[in-house]
Amino acid sequence: EILVIKPNEVHNCIVTAPTSYHYLCLWFRPEPESLFHEFLRRGFGNNNLLVPSEEIRVQLERIHQEMRVCALTDNALRKYALALEFLTYIKECETSEEGLVKFPAQLENVLTDIEENFRSIQSLSDLAERHFLSLSTLSRLFREYLRIAPWQYIENKRLANACTLLQEGKSVTDTCMESGFPDYCNFIRLFRKRFGASPTVYKKTVSRRIVWQQEVKPSKDDSLPYPQNYYTIPVDKKVEHFLSESM
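The paragraphs below set out a description of the structure included in this document. Model, not experiment: these values are computed from the prediction.

## Digging into the overall build of the chain
Summing up its helical and strand segments, the chain has eleven helices and four strands in all. Across the 247 residues of the chain, 34% fall into the buried class. Within the chain, contacts between residues separated by at least 24 positions form 65% of all contacts whose residues are at least 6 apart in sequence. Carbon and sulfur atoms make up 53% of the accessible area of the chain, which amounts to about 15,800 Å² in all.

## Quick notes on the pattern of salt bridges
Tallied over the entire structure, the rule returns nine salt bridges. The salt bridge involving Glu66 is made with Arg62; its shortest N-O contact spans 2.8 Å. Taken together, the positions of Glu66 and Arg62, both in helix H2 (residues 54-70) and four residues apart, correspond to about one turn of that helix. Looking at Glu66, the relative accessible area reads 26%, which means it is partly exposed. A residue is classified by how much of its surface remains accessible, and Arg62, at 29% relative accessible area, is partly exposed. Within this structure, Arg62, Glu66, Arg78 and Glu85 form a network of salt bridges that share partners.

## Here we look at helix H6 (residues 135-145)
Within the span of H6, buried status applies to Leu138, Leu141 and Phe142. Taken around the axis of H6, the buried residues stretch over an arc of 95 degrees, which confines them to a single face. Opposite the buried face of H6, at more than 90 degrees from it, the exposed residues are Ser136 and Arg143.

## Description of the environment of Cys163
In this fold, Cys163 is placed in helix H7 (residues 150-167). Residues Cys163 and Pro199, 36 residues apart in the sequence, show an inter-C-alpha distance of 8.2 Å.

## Considering the nonpolar core
Core analysis: the largest hydrophobic core is formed by 20 residues, its most contacted members being Ile2, Leu60, Phe86 and Ile90. Those elements that place two or more of their residues in this core are helix H1 (33-40), H2 and helix H3 (76-95). Beyond its immediate sequence surroundings of up to four residues, Ile2 is in contact with Asn48, Leu49, Leu50, Pro52, Leu60, Ile90 and Cys93. Core analysis: the second largest hydrophobic core is formed by 15 residues, Ile121, Ala128, Leu141 and Phe142 among them.

## Looking at the packing of H7 against helix H9 (residues 184-195)
Orientation of H7 relative to H9, taken along the N-to-C sense of each, is 90 degrees, at an axis distance of 11 Å. The angle between H7 and H9 falls in the class roughly perpendicular. Between H7, through Gln152, Glu155, Asn156, Leu159, Ala162, Cys163 and Leu166, and H9, the contact on the second element is made entirely by Phe187, Leu190, Phe191, Arg194 and Phe195. Here the residues of the contact of H7 with H9 sort into eight nonpolar, two polar and two charged.

## Considerations on helix H4 (residues 105-117)
With 13 residues, H4 should cover 18 Å at 1.5 Å per step; its first-to-last C-alpha distance of 18 Å lies within 8% of that length. For H4, every residue scored as buried is listed here: Leu107, Val110, Leu111, Asp113 and Ile114. Projected onto a plane normal to the axis of H4, the buried residues spread over an arc of 160 degrees and lie on a single side. Seen from the open side of H4, the exposed residues pointing more than 90 degrees away from its buried face are Ala105 and Glu116. Residues of H4 that are buried in the fold lie against helix H5 (124-130), H6 and H7.

## What to know about the side chain of Asp113
You can see Asp113 is positioned in helix H4. Overall, the relative accessible area of 8% leaves Asp113 in the buried class. At 3.0 Å, the side chain of Asp113 and the side chain of Arg130 are in polar contact. Apart from residues lying up to four places away in sequence, Asp113 is in contact with Phe118, Leu127, Arg130 and His131.

## Topic: unusual backbone geometry
The phi dihedral of Phe132 is positive, around 55 degrees, even though this residue is not glycine. Position of Phe132 among the secondary structure elements: in the loop between H5 and H6. When its relative accessible area of 77% is taken as the criterion, Phe132 is described as exposed.

Rules behind the numbers
Residues numbered from 1 in each chain as written. Predicted model: local features only at pLDDT ≥ 70, side-chain atom pairs only at ≥ 80, totals over all residues. Heavy atoms only, no water. Helix = DSSP H or I, 4+ residues; strand = E, 2+ residues; numbered from the N terminus. Buried < 20%, exposed > 50% of the residue type's maximum accessible area, 1.4 Å probe, protein only. Contact = heavy atoms within 4.5 Å. Areas by Shrake-Rupley, 256 points an atom, 1.4 Å probe, with all protein chains shown as cover. Salt bridge = Lys/Arg side-chain N within 4 Å of Asp/Glu carboxyl O. Arc of directions from axis to C-beta. Core = buried A, V, L, I, M, F, W, Y, C linked by side-chain atoms within 4.5 Å. Axes fitted to C-alpha atoms, helices over the stretch in contact; angles between N-to-C directions. Parallel < 35°, antiparallel > 145°, perpendicular 65-115°, else oblique. Nonpolar A, V, L, I, M, F, W, Y, C, P; charged D, E, K, R; others polar. Expected span 1.5 Å × (residues − 1). Polar contact = N/O pair within 3.5 Å; in protein donor to acceptor, adjacent residues only side chain to side chain.

Following this line, the structure appears as structure tokens:
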């Protein structure tokens, strides 16, 4: 699966299935804007989950390996060519029927409701009633399309929000309340079970990581190092003009 995330869009991945995952993460500077326009105009969390075909998946993995090698060189044109090829395959996933994950309107409405109100939802019965669904239908939709139970999905939303608040420096108590957990002890238990560490330990760990990221934050000063997986495309003005004219 492919997750396309815009600048400043927060995504906390919470894996619930007992499966081994291999993550490949690529970061792009959205420059020039003409190249990334199709991705930047999408709303936050809107149609950002893609499922590539086996053929496209193989090609994306090949490009990723070539990008890692090319990132250590000064071959700007090759970097740009790989970026274009990569984004072209992503776009193919968006335009294909099987590439873009689409949910039934009923499920879309429920997900929107949860996104806006996950902190205050008291029970699945209330949620189902608001959308004129039976509990069995609600459960079936979640398991069929999301492979997860409805209440677990809501808990994941709350835990993801808790991670964001802890990263912002909120106290554990405030994080618990502002994420919709009515019971402090239950919040600690769920957090430790899901992430393998208490909220306090997580907060300290993330704080140290944020300091490190600030030290290697990309800037116009070429003397500063980039994170290993930050793929930059230093484009010559002539090349940028040519691409703008071609699109």
